[in-house]
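Below, each chain spelled out in residue letters.
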Amino acid sequence: MFGLIVAGRLVQTDVTQVSENQFLFNIPDADDINHLVIFMTGQSPFPDGLGAAGSMMDGNPFASIMPHVSHMGQVGISVEPLSQLSQQTPEAGTSVSKIVCDEHGSRGYGFVDFETEEAARIAIEKVNGMLLNGKQVFVERFMSRQERLEVLGDKMRKFNNVYVKNLSEEIDDEKLRDMFEPYGKIISAKIVCDEHGSRGYGFVDFETEEAARIAIEKVNGMLLNGKQVFVERFMSRQERLEVLGDKMRKFNNVYVKNLSEEIDDEKLRDMFEPYGKIISAKIVCDEHGSRGYGFVDFETEEAARIAIEKVNGMLLNGKKVFVERFMSRRERLEVLGDKMRKFNNVYVKNFSEDIDDEKLRDMFEPYGKIISAKVMTDDSSGKGKGFGFVSFEDPEAAEKAVEALNGNEKFGKVLFVGRAQKKEAQAELKEKFERIEMERINRYQGVNLYVKNLDDNIDDKRLRKEFAQFGTITSAKVMTEGGRSKGFGFVCFSSPEEATKAVTEMNGRIVVAKPLYVALAPRKEDRKAHDASQCMQRITSMRMQAPPQAVIAQGQDPLTATMLATAPPQERKQMLGERLFPLISHMFPDLAGKITGMLLEIDNSELLHLLESQESLEAKVKEAVAVLQVYQAKETATGTKPAE
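An unreviewed UniProt entry lists the protein under the name Polyadenylate-binding protein 4-like isoform X2, with Crassostrea virginica given as the organism. What the UniProt record of the protein gives under Sequence similarities (unreviewed entry) is the line "Belongs to the polyadenylate-binding protein type-1 family."

Shown next as structure tokens:
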């Protein structure tokens, strides 16, 4: 059998026999292999007239027997007559060839290692630029990363191709060529387009480096069709990544976030001026004012670095300010890498309630094929919550949708469209939302009033009017259901002092023949805990007054206070009704349905008491029957048929 030696690794003897005379080694992490040796194990030589040939494979030569393994190199060994092996001997000068693959197959490039430098030079001369299977093949000498970095300085100074961006939609290939032709002979001029037209950028390839440099000098920053055009030398992604390290260390512009609403351009400049000369200071705003962040452009890198060191983390107007070097979107993408740049799922928020799945799909369909579009809805009402998700088939379509729609006004609202966050970001988002909620609670603590026992005719306007004399009201709201007042509401003042004064003056005051109850509004969680506590107190009090004599229908379990308290709120009335109905049916079979419905209007704690006391239940049922009889007598007198 055979063994395999790869430099720097343990000897491999795990050869697989795939046929009578064919063998296969699978080599993990084969991309960084330069040399390997195949040898025979044991002491017996080949039989007379036989020999073996081995070669590094770019695919599986025995695909029908053993499938190709992703990320694996493969060495095939064939035992054949020496006469056949002599005909398969590689041409002089070649040794190992390798196609680079991933889980999807070939990545479109590979390496050939020649025995002599002369053979490698001839191969580059003959094959470079050759058409193969309809594609132009490019061949060049292989350089390690270190070699590329060492020669990059000189390479960066030599270029013919320029990148042009921020072009208006009217600029096509011909107009782009006309724009740059005065500066030198052009080999090609191309605008990058998609199915919607120009994407706003393109490339111009000059015959000489001098022409490219002049074009950058003359056109960069020029206004064309109302847009400022930017021109720079074209760099491949690999070149950008290799120079980014140095570029990341040099900057003048800083990004400032978490600023309070009071900070404007002038205050931002004043804040950073002690650290160096400022070219510009700008707060980003929308129609509501400051968005809480801005940019400061210093004259020198040293000033920018000092500003970050001194201001980052500083408390300003009660908020912790964060300062960091500004990176363009393109730089951020380079730093984050290809993985972070590609996404298929888009998060959309701030649209109106009438947007459903179909309308959301229609909004995003122009940007690419959609797998799904879903608007998040409220479980109880079925109405949209104002946000949703769109999943595209291609990452490019998702990116185009974000670029095109984020910040645009649709249906009277400004949309937010961005990449949908993955699970690893949920913890961070949860913390952020909890912080925002805590800030909101603290902001309204001591200034928000709870007002109950309101007359049905009191609306938001009247509520505001009644409390306006005590200070500045930021909001006044009567809670409603189905357009009718629920008898309570909230009034929010601008300061705790105003709210306290309003409580003192308005609590107990009669408004439209009803005395108001006014108090500082507790948090929702505190209200729920208080209500639950009161409910339990009432139940305990009733039990102490009347010894429990549970009333249980045949085949039913007793309903306890604990069972009722732990059940979902929407199911509690049903649980009570299911136990009341059979008991009432024994007393008044024909009226059981109506009486049960009437009793279910009573507070849950009292209903629980009725189930524990036969005497109380009978009294309450008789009371309900009396009400029904009075109602039916009135209906008979007026000639109206009672409602069924």
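On we go.
Draft legend 1. View of the overall build of the protein. Scanning the protein from terminus to terminus reveals 21 helices and 34 strands. Every one of the 644 residues in the protein was classed for burial, and the buried ones make up 31%. Taken as a whole, the protein presents about 41,200 Å² of accessible surface, with 51% of it coming from carbon and sulfur.

Draft legend 2. A look at the sheet that holds strand E23 (residues 345–349). Overall, antiparallel pairing links the four strands, which are arranged E24-E25-E23-E28 in an open sheet. Each end of this open sheet is capped by a strand with a single partner; those strands are strand E24 (370–377) and strand E28 (416–419). The sheet shows a mean angle of 20° between the axes of neighbouring strands, taken without regard to direction. With four bridges connecting them, E23 and E28 associate as antiparallel partners. Residue pairing in the sheet places Lys-349 in a bridge with Phe-416 of E28. Sitting on the sheet, helix H11 (residues 357–364) touches E23, E24, strand E25 (384–392) and E28, and the angle it makes with E24 is about 135°. Set on the sheet, helix H12 (residues 395–405) makes contact with E23, E25 and E28; between it and E28 the angle comes to about 150°.

Draft legend 3. View of the pairing of strand E12 (residues 186–194). Relative to strand E13 (residues 197–206), E12 runs antiparallel, the two sharing seven bridges. Within the sheet, the bridge partner assigned to Asp-194 lies in E13 and is Gly-197.

Draft legend 4. Structural context of the packing of aromatic side chains. With the rule as written, the count across this model stands at 22 aromatic pairs. Taking the centre distance of 5.6 Å and the plane angle of 35° together, the rings of Tyr-163 and Phe-203 count as tilted. With Tyr-163 in strand E11 (residues 161–165) and Phe-203 in strand E13, this residue pair connects regions lying 40 residues apart in the sequence. Both rings, one in Tyr-255 and one in Phe-295, keep their centres 5.6 Å apart while their planes meet at 35°; by these two values the pair is tilted. Within this pair, whereas Tyr-255 is found in strand E17 (residues 253–257), its partner Phe-295 is found in strand E19 (residues 289–298), the two being separated by 40 residues in sequence. With relative accessibility at 23%, the residue Phe-295 sits in the partly exposed group. Through a chain of ring-to-ring contacts, the aromatic side chains of Tyr-163, Tyr-201, Phe-203 and Phe-234 assemble into a single cluster. It is Lys-257 that lies over the ring of Phe-322; its NZ or CZ is 5.9 Å from the centre.

Draft legend 5. Fine view of the pattern of salt bridges. Per the stated rule, a full pass over the model turns up 15 salt bridges. The residue Asp-265 makes a salt bridge to Lys-282 at a minimum N-O spacing of 3.6 Å. In this pair, Asp-265 sits in helix H7 (residues 265–272) while Lys-282 sits in strand E18 (residues 278–286), placing the two residues 17 residues apart along the sequence. Residue class for Asp-265 comes out partly exposed when judged on its relative accessible area of 29%. Residues joined in a network through salt bridges with shared partners are Glu-606, Lys-620 and Glu-623.

Draft legend 6. How the structure looks around the side chain of Asp-455. Looking at the element boundaries, Asp-455 is found in the loop between strand E29 (448–452) and helix H14 (460–467). Since its relative accessible area comes to 13%, Asp-455 is described here as buried. In this structure the side chain of Asp-455 is engaged in a polar contact, spanning 2.9 Å, whose partner is the backbone nitrogen of Asn-457. Setting aside anything within four residues of it in sequence, one finds Asp-455 in contact with Ser-485, Val-512 and Lys-514.

Draft legend 7. Broad picture of the packing of helix H18 (residues 569–587) against helix H20 (residues 604–612). The interhelical angle for the contact between H18 and H20, taken along N-to-C directions, is 30°, at an axis separation of 11 Å. Considering their axes alone, H18 and H20 lie roughly parallel with respect to each other. Crossing angle aside, the handedness with which H18 passes H20 is left-handed. Of the residues in H20, those in contact with Arg-572, Lys-573, Leu-576, Arg-579, Leu-580 and Leu-583 of H18 are Asn-604, Leu-607, Leu-608 and Leu-611. By residue class, the composition of the contact of H18 with H20 is six nonpolar, one polar and three charged.

Draft legend 8. Geometry of the environment of Glu-261. Examined against the element boundaries, Glu-261 turns out to sit in the loop between E17 and H7. A relative accessible area of 69% means that Glu-261 is categorised as exposed. Separated by 28 residues in sequence, Glu-261 and Gly-289 place their C-alpha atoms 7.4 Å apart.

Draft legend 9. Highlighting the pairing of E23. By the alternation rule, side chains of E23 split into Val-346 and Val-348, which are all buried, and Asn-345, Tyr-347 and Lys-349, of which none is buried. With five bridges connecting them, E23 and E25 associate as antiparallel partners. When the bridges of E25 are listed, Asn-345 appears paired with Ser-391.

Draft legend 10. Region of interest: the packing of H18 against helix H19 (residues 592–599). In the contact formed by H18 and H19, the axes pass within 9 Å of each other and the chain directions differ by 135°. For the element pair H18 / H19, the angle class is oblique. Classified by chirality, the crossing of H19 by H18 is right-handed. Listed contacts from H19 to Gly-577, Leu-580, Phe-581, Ile-584 and Ser-585 of H18 are Ala-592, Gly-593, Ile-595, Thr-596 and Leu-599.

Draft legend 11. Quick look at a nonpolar patch on the surface. A cluster of nonpolar side chains, namely Ile-5, Val-11 and Val-37, defines an oily patch on the protein surface of about 230 Å² accessible area. Looking at the element boundaries, Val-11 is found in the loop between strand E1 (2–6) and strand E2 (16–17). Since its relative accessible area comes to 47%, Val-11 is described here as partly exposed.

Draft legend 12. Region of interest: unusual backbone geometry. Phi at Asn-258 takes a positive value of approximately 65°, unusual for a residue other than glycine. By secondary structure assignment, the location of Asn-258 is in the loop between E17 and H7. Classification of Asn-258 as partly exposed rests on a relative accessible area of 31%. Despite not being glycine, Asn-453 has its phi angle at roughly 70°, a positive value. Within the secondary structure, Asn-453 sits in the loop between E29 and H14.

Procedures and definitions
- Residues numbered from 1 in each chain as written.
- Predicted model: local features only at pLDDT ≥ 70, side-chain atom pairs only at ≥ 80, totals over all residues.
- Heavy atoms only, no water.
- UniProt positions renumbered as here; feature names shortened; annotations may be inferred.
- Helix = DSSP H or I, 4+ residues; strand = E, 2+ residues; numbered from the N terminus.
- Buried < 20%, exposed > 50% of the residue type's maximum accessible area, 1.4 Å probe, protein only.
- Areas by Shrake-Rupley, 256 points an atom, 1.4 Å probe, with all protein chains shown as cover.
- Pairing = 2+ DSSP bridges.
- Axes fitted to C-alpha atoms, helices over the stretch in contact; angles between N-to-C directions.
- Contact = heavy atoms within 4.5 Å.
- Phe/Tyr/Trp six-rings, centres within 6.5 Å; stacked < 30°, edge-to-face > 60°.
- Lys NZ or Arg CZ within 6 Å of the ring centre and 35° of its normal.
- Salt bridge = Lys/Arg side-chain N within 4 Å of Asp/Glu carboxyl O.
- Polar contact = N/O pair within 3.5 Å; in protein donor to acceptor, adjacent residues only side chain to side chain.
- Parallel < 35°, antiparallel > 145°, perpendicular 65-115°, else oblique.
- Left-handed = near helix turned anticlockwise from the far one by under 90°.
- Nonpolar A, V, L, I, M, F, W, Y, C, P; charged D, E, K, R; others polar.
- Patch = residues over 30% accessible without salt bridge, like charges linked within 9 Å, V, L, I, M, F, W, Y side chains within 5 Å.

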